[in-house]
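Reading the structure
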Amino acid sequence: MDNNVALIAQCEAKAKQWLTPDFDETTRKAVQAMLDNADKTELVESFYRDLEFGTGGLRGIMGAGTNRMNIYTVGMATQGFANYLKKNFKDREQISTVVCYDCRNNSDLYARTVANIFSANGIKVYLFDEMRPTPECSFAIRHFGAQGGVNLTASHNPRQWNALKLLNHEGEFLTKDDGNAVLAMAEKEDFDYADVDHIGTYRKDDSFDDRHIEAVLALDLVDTEAIRKRGFRVVVDAINSVGGVILPKFLDRLGVGYTILNGEANGDFAHNPEPLEKNLGGIMGEVAAGGYDLGIVVDPDVDRLAFIQEDGKMYGEEYTLVSVADYILDHVKGATVSNLSSTRALRDVTERHGCQYFASAVGEVNVTTKMKEVGAVIGGEGNGGVIYPESHYGRDALVGIALFLSSLAQKGLTCSELRKTFPTYYIAKNRIDLTPDTDMDAILGKVKERFGSMDDVRVTDIDGVKLDFPTKWVHLRKSNTEPIMRVYSEAATMEEADALGKELMDVVYEMTK
């Protein structure tokens, strides 16, 4: 980092613009401290670029800087979104939006900032005055017929992160092209605020937990009668976020007995919020102690879902979607979709039902786009995200829970018994840390060139580079938020999967020398 004089000079120039009176004193002091520090790592990471539009919105570590989440980057993006809405819905007498937030630090502050900017632009705001899951924000947009929405949440990221998730009039995440259009409008700084007689209004509505729950229970394949007869007893890890608010209400309506772990929605996450086995020792131990049919794990905004078997072992977050898809395909035949980094088990199960599987680029909006294109009856992501079009085109843990419990209840199986009905694969998840000036696209191009001529390898390059071998695969893709490359690999054993990932990591290291 010290040797990159040009990059440091560029970041110093951008940082000095944040020392003007346009920025608050706390921010100015933080930026000055970065400039004064002999170690320029924090300065470069905070200013080497502007926040980019990634999966559904802007995501970053909270702090001062153009590559950080703060009231200024949030405000700029919101103004761009306001301009985008006014351009695309210019014939509407009144544009409206929904604004939600979770329990993360500053989420409520950012939500009020977003609502105030919308209001100043003459846009009506439905502002939730209490924390809500991302799927509920989507539900509210569709219920009110709003033209867009914003949810403040960084999903599964650690507590120092936050994000501005932008949704369209259908309650779905903006595409990358639309997101980039929002940022381009923001960069123009072309503001046209409403006069005092046309300032937008706020409306509060506290009924949406119940409305969301009712909509899930009304789905044809949610078998509430079978669930109640089964008399499930579960443990829920709500990760000190909005799951602790809505899941007790939901499980009560399903007639499911429960114990809640980490139920206080205070944003002080009891462990890393990503629902992976290494983070879930508490709930796994609780289930293993006996007396439960399964454990339920959600991420902070309740759109990802993982299960713990009755013996305390991980069911596998990759198998959440596989299990729900198998249940759906038992009743309705059709295509399925998951992203390139998801398990092959979904393809195998889909073909077992005589149906066709399709892969998409990583990211919920890419999955939903592919699902619409092929008319999929179920889809999602291997990280525990279930997308069921009969509900809406978005991940929703409540939908996933209801369908999974319906499957268990109808089949009369335990979690471990259901898991054994599916092919077993293991995914190794690794990462390569690179410097901000590394040309990751060039590296991926070299990987494609090196392996593309092999007879037994199928190369897919719609999102990074995926190499499909006859019995295994590896996927390399750059992160949208950090200077890292993710390396996911799958095989019949964890050892083989990890070895394949490490082999490709060595190839990348060799190319960066």
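Below, the structure is looked at part by part. The structure displayed is predicted, hence computed values, not measured ones.

1. Regarding the overall build of the protein chain
Helix and strand content of the protein chain: 18 helices and 19 strands. Relative to its length of 513 residues, the protein chain is compact, with a C-alpha radius of gyration of 23 Å against a globular reference of 24 Å. In terms of overall dimensions, the protein chain has C-alpha extents of about 65 × 60 × 45 Å along its principal axes. Counting every position in the protein chain, which comprises 513 residues, the buried fraction comes to 58%. For the protein chain, the share of sequence-separated contacts (at least 6 apart) that also reach a separation of at least 24 residues comes to 67%. Side chains of the protein chain carry 56 positive and 79 negative charges; the gap between the two charge centres is 1 Å.

2. Notes on the nonpolar core
Proteins that are soluble and globular tend to have nonpolar side chains buried together. Counting 91 residues, the largest nonpolar core has F118, L164 and F250 as its most contacted members. When residues of this core are assigned to their parent elements, the largest contribution, 10 residues, is made by helix α15 (residues 397–411). Beyond its immediate chain neighbours, meaning those up to four positions away, L164 contacts G56, G57, L58, M69, V74, A77, T78, V114, V150, N151 and L152.

3. Some remarks on the packing of helix α4 (residues 71–88) against helix α7 (residues 176–188)
Between α4 and α7, whose axes approach to 7 Å, the crossing angle comes to 110°. The pairing of α4 with α7 is recorded here as roughly perpendicular in orientation. Contacts between α4 and α7 involve M76, A77, G80, F81, N83, Y84 and K87 from the former and D178, V182, L183, M185 and A186 from the latter. In terms of residue class, the contact of α4 with α7 is made up of eight nonpolar, two polar and two charged.

4. Examining the pattern of salt bridges
Applying the stated criterion to the full structure yields 38 salt bridges. The salt bridge partner of K429 is E318, with a shortest N-O separation of 4.0 Å. Of this pair, K429 sits in strand β15 (residues 426–433) while E318 sits in helix α12 (residues 318–331), placing them 111 residues apart in sequence. Classification of K429 by relative accessible area gives partly exposed; the value is 31%. Given a relative accessible area of 8%, E318 falls into the buried group. Of the charged contacts, one joins R395 and E381 as a salt bridge, the two residues approaching to 3.2 Å between their closest N and O atoms. Of the two residues, R395 sits in the loop between β14 (385–387) and α15 while E381 sits in strand β13 (residues 378–381), which places them 14 residues apart along the sequence. For the pair R395 and E381, one class covers both residues: buried.

5. Structural notes on the pairing of strand β18 (residues 473–478)
Of all the six residues making up β18, five are buried; the element is thus mostly covered by neighbouring parts of the structure. For strand β17 (residues 465–468) and β18, the ladder comprises four bridges, and the chain directions are antiparallel. By the bridge assignment, L467 is partnered in β18 with V474. Once β17 ends, the chain turns through four residues before running back antiparallel as β18. Direction of pairing for β18 relative to strand β19 (residues 484–491): antiparallel, over a ladder of six bridges. Across the sheet, R477 pairs through a bridge with R486, a residue of β19.

6. Focus on the pairing of strand β3 (residues 124–127)
In this sheet, β3 lies alongside strand β2 (residues 96–101) in parallel orientation, the contact comprising four bridges. Bridge pairing in β3 places T97 opposite V125. With helix α5 (residues 107–120) bridging β2 and its parallel neighbour β3, the resulting β-α-β unit is right-handed.

7. Observations concerning the side chain of H353
Its location among the elements puts H353 in the loop between α13 (345–352) and β12 (357–360). Residue H353 is classed as buried on the basis of its relative accessible area, which comes to 17%. Within the local environment of H353, its side chain forms a polar contact with the side chain of D326, the two groups lying 2.8 Å apart. When neighbours within four sequence positions are excluded, H353 is seen to be in contact with D326, L329, D330 and K333.

8. Overview of the sheet that holds strand β7 (residues 233–237)
Strands pair in a sheet through their backbones, by hydrogen bonds, and they do so in one of two ways: parallel or antiparallel. Ordered by their spatial adjacency, four strands build an open sheet running β8-β7-β9-β10, and the pairing between neighbours is mixed. Only two strands of the sheet have a single partner each, and these edge strands are β8 (257–261) and β10 (305–308). Here the strands of the sheet are splayed against their neighbours by 25° on average, with no regard to which way each runs. Two strands pair when backbone bridges link them, and β7 and β8 are joined in this way by five bridges, in the parallel orientation. Pairing of R233 across the sheet is with G257, part of β8.

9. Brief notes about helix α8 (residues 208–217)
When we look at burial in α8, the residues that qualify are F208, D209, H212, I213, V216 and L217. Where α8 is buried, its residues meet α6 (134–144), α9 (224–230), α10 (243–254) and α15.

10. Regarding the packing of α6 against α8
For the pair α6 and α8, interaxial distance at closest approach is 10 Å and the crossing angle is 90°. Relative to α8, the element α6 is oriented roughly perpendicular. Here P135, E136, F139, A140, H143 and F144 of α6 come into contact with α8, specifically with F208, D209, R211, H212 and A215.

11. Regarding the packing of aromatic side chains
As enumerated under the stated definition, the model contains 13 aromatic pairs in all. An angle of 80° between the planes, with centres 5.8 Å apart, marks the rings of W18 and Y72 as edge-to-face. With W18 in the loop between α1 (5–16) and α2 (25–36) and Y72 in helix α4, this residue pair connects regions lying 54 residues apart in the sequence. For W18, a relative accessible area of 7% gives the class buried. Through a chain of ring-to-ring contacts, three or more aromatic side chains come together here, namely Y126, F128, F139, F144 and F208.

12. Focus: α4
Between its first and last C-alpha, α4 extends 25 Å over 18 residues, near the 26 Å set by a 1.5 Å rise per residue. Taken residue by residue, α4 has T73, V74, G75, A77, T78, Q79, G80, F81, A82, N83, Y84 and L85 as its buried positions. Of the residues that open α4, the one with a side-chain oxygen 3.0 Å from the backbone nitrogen of Y72 is N70.

13. Notes on the sheet that holds β17
Pairing in this open sheet of five strands is antiparallel, and the strands run β15-β19-β18-β17-β16 from one edge to the other. Because the sheet does not close on itself, it has two edges, and the strands there are β15 and β16 (458–460). The sheet shows a mean angle of 15° between the axes of neighbouring strands, taken without regard to direction. Contacts from helix α17 (residues 440–451) reach β16, β17, β18 and β19, with the element oriented near 20° to β17. Relative to β15, helix α18 (residues 494–511) is tilted by about 20°, and along the sheet it contacts β15, β17, β18 and β19.

Cut-off values and rules
- Residues numbered from 1 in each chain as written.
- Predicted model: local features only at pLDDT ≥ 70, side-chain atom pairs only at ≥ 80, totals over all residues.
- Heavy atoms only, no water.
- Helix = DSSP H or I, 4+ residues; strand = E, 2+ residues; numbered from the N terminus.
- Rg over C-alpha atoms; globule rule 2.2 N^0.38 Å.
- Buried < 20%, exposed > 50% of the residue type's maximum accessible area, 1.4 Å probe, protein only.
- Contact = heavy atoms within 4.5 Å.
- Lys, Arg positive; Asp, Glu negative; His and termini not counted.
- Charge placed at Lys NZ, Arg CZ, Asp CG, Glu CD.
- Core = buried A, V, L, I, M, F, W, Y, C linked by side-chain atoms within 4.5 Å.
- Axes fitted to C-alpha atoms, helices over the stretch in contact; angles between N-to-C directions.
- Parallel < 35°, antiparallel > 145°, perpendicular 65-115°, else oblique.
- Nonpolar A, V, L, I, M, F, W, Y, C, P; charged D, E, K, R; others polar.
- Salt bridge = Lys/Arg side-chain N within 4 Å of Asp/Glu carboxyl O.
- Pairing = 2+ DSSP bridges.
- Right-handed = clockwise from strand over helix to strand, strands pointing away.
- Polar contact = N/O pair within 3.5 Å; in protein donor to acceptor, adjacent residues only side chain to side chain.
- Phe/Tyr/Trp six-rings, centres within 6.5 Å; stacked < 30°, edge-to-face > 60°.
- Expected span 1.5 Å × (residues − 1).

Shape descriptors only; they carry no functional weight alone.
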